[in-house]
Amino acid sequence: MALLEVSDLRVHYATSRGPVRAVDGVSFALDPGERLGLMGESGSGKSTAALALMRLIRPPGHIDSGRVYLDGEDLMTLSEQRLREARLAQIALISQGAMNSLHPVMRIGDQVHDGVRHHGVRMSRSEWQHRLNGLLARVGLRPEVASAYPHHLSGGMKQRVCIAIAISLEPKVIIADEPTSALDVVVQRTVMETLRRVQEDIDAAVILIGHDMGLMAQFADRVAVMYAGRLLEEGPVRDLFQRPGHPYTQLLVASLPTLSGKAQFRGAPGFPPSLLDLPPGCVFHPRCPHVMDICRRELPPAVPISERHWAACFLLRAPEVRQ
Ligand code: SF4
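Residues numbered from 1 in each chain as written. Predicted model: local features only at pLDDT ≥ 70, side-chain atom pairs only at ≥ 80, totals over all residues. Heavy atoms only, no water.

A. The arrangement of empty space enclosed by the protein in detail. With the rule as written, the count across this model stands at one cavity of 30 Å³ or more. The space that makes up the largest cavity amounts to roughly 80 Å³. Around the largest cavity, the lining is made up of 15 residues, and of these Cys-282, Cys-288, Cys-295, Cys-313 and Phe-314 lie nearest the centre. Residues that form the lining of the largest cavity fall into these classes: twelve nonpolar, three polar and no charged. (1 Å grid on protein atoms, 1.4 Å probe; cavity = no way out; pocket = protein on both sides within 12 Å on 5 of 7 lines; lining within 4 Å. Points joined across faces, edges and corners; volume = space filled by probe spheres on them. Nonpolar A, V, L, I, M, F, W, Y, C, P; charged D, E, K, R; others polar.)

Rendered as structure tokens:
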């Protein structure tokens, strides 16, 4: 049974020019201990989806609909009190730029303690010290880091502190939104290794949000591709990279550099649509090299490709139903 089940999640932002449909009917499931990559260009709605899962959308944003079952409990209908308990303890978010939101004049140990204390976990000073040292060790930091301030630490160390905070109550789901942005490639690797290690240690499932396909390929078990607020394709990582079914995913995969480096670089032509004025039918049709008449009129259904691999594209249907 799935640990997390998201169905028909919709979020809009009210603007003077009309509603911006940032997340438009997103559904997916996550198994215990699984690593799901949620991949898409910036503005595709992936970070909004992450905030919506935690019910952290603030006005002018609004969650229009959706069910988010975590272990059988719908986060969308929980009381505020129960939701506050569930955040961090059951589902934790390492938000984009989290390392820059550490309190500048608060010691690291106190910042880690904050979340634990707010969840009513009480322990003696020596018990906490022991627990804190254990948490820091799990993310590869020395005990002395507890008495440091954020400005004493490098970007990679601060990001590992954020991971320590996220796992402080051993949640079942960790959402990591671009956890390596603004870090150099060597540090990126260390941070991702840390995330993988702690995830395995506490047997949590992870939703990794990002646009770096290389990172996704190395980290995720399964990848979901998001575009203009919708999921276009989802599948096991190897399957999706070897046999992408959706033309958008095919273009993304074709844009990856090869080891020989001789293939000509190909990106997706054009730009993503404005979320204020989405095209009818398939949202990708204005950029699609295979567009057909039906694509301009109708929403493509999710078509199965193989086990747990599907893509929303008319090309995957039999020719007679593409008219
Ligand atoms: Fe292209 Fe049509 Fe498939 Fe959309 S449904 S990706 S426009 S072929």
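Here the narrative resumes.
B. The packing of aromatic side chains, seen in detail. As enumerated under the stated definition, the model contains three aromatic pairs in all. On the numbers, 5.3 Å between centres and 90° between planes, the contact of Tyr-227 with Phe-284 is edge-to-face. Note that Tyr-227 is positioned in strand 9 (residues 222-227) and Phe-284 in the loop between helix 9 (247-254) and helix 10 (293-297), a separation of 57 residues in sequence. Three or more aromatic residues link up through ring pairs in this structure, and these residues are Tyr-227, Tyr-248 and Phe-284. In this structure, Arg-35 packs its charged tip against the face of Phe-219, placed 5.5 Å from the ring centre. (Phe/Tyr/Trp six-rings, centres within 6.5 Å; stacked < 30°, edge-to-face > 60°. Helix = DSSP H or I, 4+ residues; strand = E, 2+ residues; numbered from the N terminus. Lys NZ or Arg CZ within 6 Å of the ring centre and 35° of its normal.)

C. Representation of the side chain of Ser-44. Following the sequence through the fold, Ser-44 ends up in the loop between strand 3 (35-39) and helix 1 (46-53). Residue class for Ser-44 comes out buried when judged on its relative accessible area of 3%. Polar side-chain contacts of Ser-44 include one of 2.7 Å to the backbone oxygen of Glu-41. Those residues in contact with Ser-44, other than ones at most four positions away along the chain, are Ala-22, Met-226, Tyr-227, Ala-228 and Gly-229. (Buried < 20%, exposed > 50% of the residue type's maximum accessible area, 1.4 Å probe, protein only. Polar contact = N/O pair within 3.5 Å; in protein donor to acceptor, adjacent residues only side chain to side chain. Contact = heavy atoms within 4.5 Å.)

D. A look at the sheet that holds strand 6 (residues 91-94). Spatially, eight strands are ordered 6-7-8-3-9-10-12-11 in an open sheet, and the strand pairing comes out mixed. Every other strand in the sheet has two partners, leaving strand 6 and strand 11 (302-306) as the edge strands with one partner each. Strand-to-strand, the axes of this sheet are offset by a mean angle of 20°, without reference to chain direction. Across five bridges, the pairing between strand 7 (residues 173-177) and strand 8 (residues 205-210) is parallel. Across the sheet, Ile-175 pairs through a bridge with Ile-207, a residue of strand 8. (Pairing = 2+ DSSP bridges. Axes fitted to C-alpha atoms, helices over the stretch in contact; angles between N-to-C directions.)

E. Examining the site of the ligand more closely. Around the ligand, the structure places His-246, Pro-247, Cys-282, His-285, Cys-288, His-290, Cys-295, Pro-300, Cys-313, Phe-314 and Leu-315. Counting atoms within 2 Å of the grid points, the majority share of the ligand lands in the largest cavity. (Near = heavy atom within 4 Å. Sits in = over half its atoms within 2 Å of the grid points.)

F. Quick peek at the layout of surface pockets. Taken as a whole, the largest pocket spans an internal volume of roughly 720 Å³. As for the largest pocket, its lining consists of 23 residues, of which Leu-88, Leu-93, Gln-111, Gly-115 and Ile-165 are closest to the centre. When residues of the lining of the largest pocket are traced back to their parent elements, those giving at least two are helix 2 (80-89), strand 6, helix 3 (108-118) and helix 5 (155-166). Here the lining of the largest pocket is composed, by residue class, of 13 nonpolar, seven polar and three charged.

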